[in-house]
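# Understanding the architecture of this molecule
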Amino acid sequence: MSSRPPVSRRSDLPSPGKPRTGDLLTLGRRIRHFRTARSLTLDQLAQATGSAASQLSLIENGHREPRLSLLQEIAAALDVDMADLLAAEPPNRRAALEIALDRAQRTSLYTGLGLPAVRPGRSVPTEALEALVGLHDELARRVNESIATPEEARRANTELRLWMRERDNCLPDIDDIGERMARAAGYTVGALTHRAVARMAEQLGFKILHVSDLPHSTRTVTDLASGRIYLPPASIPGGHGLRSLALQAIAHRVLGHVRPESYADFLRQRLEITYFAAACLMPRSAALEHLGAAKRSKDLAIEDFRDAFGVTHEAAAHRFTNLATSGLDLPVHFLRVDDAGALTRGYENDGVGFATDPTGAIEGQHVCQHWAARAALTSRDRTTEYHQYTDTPAGTFWCTAQTGTADSGEFSITVGVPFAHAKWFRGRDTTLRTTSRCPDASCCRRPDPELATRWADQSWPSARMHAQVLAPLPQGTFPGVDDAEVYAFLDRHSNTR
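Residues numbered from 1 in each chain as written. Predicted model: local features only at pLDDT ≥ 70, side-chain atom pairs only at ≥ 80, totals over all residues. Heavy atoms only, no water.

### Digging into the overall build of the chain
A count of helices and strands for the chain gives 19 helices and nine strands. Each of the 497 residues in the chain was classed as buried or not, and the buried ones make up 45%. Considering only contacts in the chain between residues 6 or more positions apart, those separated by 24 or more positions represent 63%. When the accessible surface of the chain is split by element, carbon and sulfur atoms take 53% of a total near 26,200 Å². (Helix = DSSP H or I, 4+ residues; strand = E, 2+ residues; numbered from the N terminus. Buried < 20%, exposed > 50% of the residue type's maximum accessible area, 1.4 Å probe, protein only. Contact = heavy atoms within 4.5 Å. Areas by Shrake-Rupley, 256 points an atom, 1.4 Å probe, with all protein chains shown as cover.)

Quick look at the structure:
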């Protein structure tokens, strides 16, 4: 099975000497360019190659793929190399516009309008072609923008989550790349240093700079022309965040990412760069050595894993899911839950079962208040991990949770396993045990009947508006990024070289 998430890819490279179907327009325009440059008519070229003029017309207009033998005859008649005919780029700006217009008019987006096609003949000015191609590009952009709805994003995210579950949340190819680069930068054991991250950037030709005026819609900005990676100020407390952000920026280059064309592309890239950063901060071999020893001692603990590699609890918990099944033979689940009881991030391959919406998405869904993820938020002792067994319709699960605070409020990070696997973890001897009947609404979603009777007609709560309800659709080249702000930022800093 492939270790890269499912997205549409560009076509494979063609066989030597044979054009791809998508390149037929370029081939046809190159043939026309060389023919007209030599003042030959279609009839004259047809006579020289022993073919019909109508056939050559179809080839020049990208409607027919020529045989290799005919291509050789055309090249000989035009006195050009085959490589010149098969070059990937249009012969000039005019031809590029003609190809772009032809392709745009062949799309279902245009044909569905029922409008006639414009033939880009010699009588059509180049300025008119520029305008027509620009209009088609804007039409396509607006259509793509209109379908980039939260629902479309949730469906794409669900597809990606299920794809990862099939692979036990593990991407071995990226694991190998991350560890190899970390080792090449000097990593040996323990926490990956900031200096090692800087070396990784230097090996790719980049310098890391910390600035205080990053665009609000970005986490990092990479200046490809100057070889600079801009990060938030270095004075931010802690360190994992900055190392991770730098590694994620590096990952785009290492993994060969191109501009995302859809939410699916964008989300895949986010998943891959986050995974790459974790693979560098917690290299697979070193992480499994630590976790394997802890398992053999029956003393697995996320907090120890976190401290051993100098990362956040959430990063350690999520990295554990990458390694638990593939490296430790442990089925596992992971949750990040906010203080309102909503699931903001989750993963499972142990059958625990998360609530989903009609699209299959789990984000924003209610988490039972009897689960450890919710119970930990009510615990008075927040200094250590919270341990609990929970009996659910899907079986009994042991969980370990830790709480934290973000700008948006409190949250909990939970890792859990089926009852039979609790024996490997510290905290398995907890006496805390609850019962959850969710998704049965009577478990914790319905109010107490007595309270409902008392307050149903005597209360009027004012609901808090969630920001995402009115969030604007993506306007920039990348989903959610303000292009104008980013370009102004780069222009501002390019003058400080």
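That was the structure; now back to the text.
### A few points about the pairing of strand β3 (residues 228–231)
Residues R228 and Y230 point to one face of β3 and I229 and L231 to the other, with burial holding for every one of them. In the sheet, strand β1 (residues 207–210) pairs with β3 via four bridges, with the strands oriented parallel. Across the sheet, the residue bridging to K207 is R228, located in β3. Bridge analysis of strand β2 (residues 221–223) against β3 gives three bridges, and the strand direction is antiparallel. Counted as the bridge partner of D223 is R228 from β3. Counted along the chain from β2 to the antiparallel partner β3, the turn is four residues long, and its residue G227 has a positive phi close to 70°. (Pairing = 2+ DSSP bridges.)

### Notes on the packing of aromatic side chains
Taken as a whole and judged by the stated rule, the model has five aromatic pairs. A centroid spacing of 5.6 Å and a plane angle of 50° characterise the contact between Y389 and F419, whose relative ring orientation is tilted. With Y389 in strand β6 (residues 386–392) and F419 in the loop between β8 (409–418) and β9 (433–435), the pair connects residues that are 30 residues apart, well separated along the chain. Ring geometry for W398 against F425: centres 5.0 Å apart, planes inclined by 35°, an arrangement best described as tilted. In this pair, W398 is assigned in strand β7 (residues 395–406) and F425 in the loop between β8 and β9, connecting sequence segments 27 residues apart. Both residues of the pair, W398 and F425, count as buried. In textbook terms, an aromatic cluster arises when at least three aromatic residues are bridged by ring pairs, as seen for F320, W398 and F425. (Phe/Tyr/Trp six-rings, centres within 6.5 Å; stacked < 30°, edge-to-face > 60°.)

### Regarding the packing of helix α1 (residues 24–37) against helix α6 (residues 93–106)
Where α1 meets α6, the axes come as close as 10 Å, and the angle between the chain directions of the two elements is 145°. As α1 runs across α6, the sense of the crossing is right-handed. Residue-level contacts link L25, T26, R29 and R32 of α1 to A95, E98, I99, D102, R103 and R106 of α6. In terms of residue class, the contact of α1 with α6 is built from three nonpolar, one polar and six charged. (Axes fitted to C-alpha atoms, helices over the stretch in contact; angles between N-to-C directions. Left-handed = near helix turned anticlockwise from the far one by under 90°. Nonpolar A, V, L, I, M, F, W, Y, C, P; charged D, E, K, R; others polar.)

### What to know about a nonpolar patch on the surface
Taken together, the side chains of L109, L113, L115, L139 and V143 make up a nonpolar region of the molecular surface, amounting to roughly 370 Å² of accessible area. Structurally, V143 can be placed in helix α8 (residues 126–147). (Patch = residues over 30% accessible without salt bridge, like charges linked within 9 Å, V, L, I, M, F, W, Y side chains within 5 Å. Salt bridge = Lys/Arg side-chain N within 4 Å of Asp/Glu carboxyl O.)

### A look at the confidence of the model for the chain
Scored by pLDDT, the chain comes out at a mean of 85, with 89% of its residues at no less than 70. Across residues 7–22, where pLDDT falls below 50, the model places 21 contacts with residues more than four positions away in sequence or in other chains. Contacts from residues 467–475, a stretch scored under 50 in pLDDT, to residues over four places away or in other chains number 13 contacts. (pLDDT = per-residue confidence, 0-100.)

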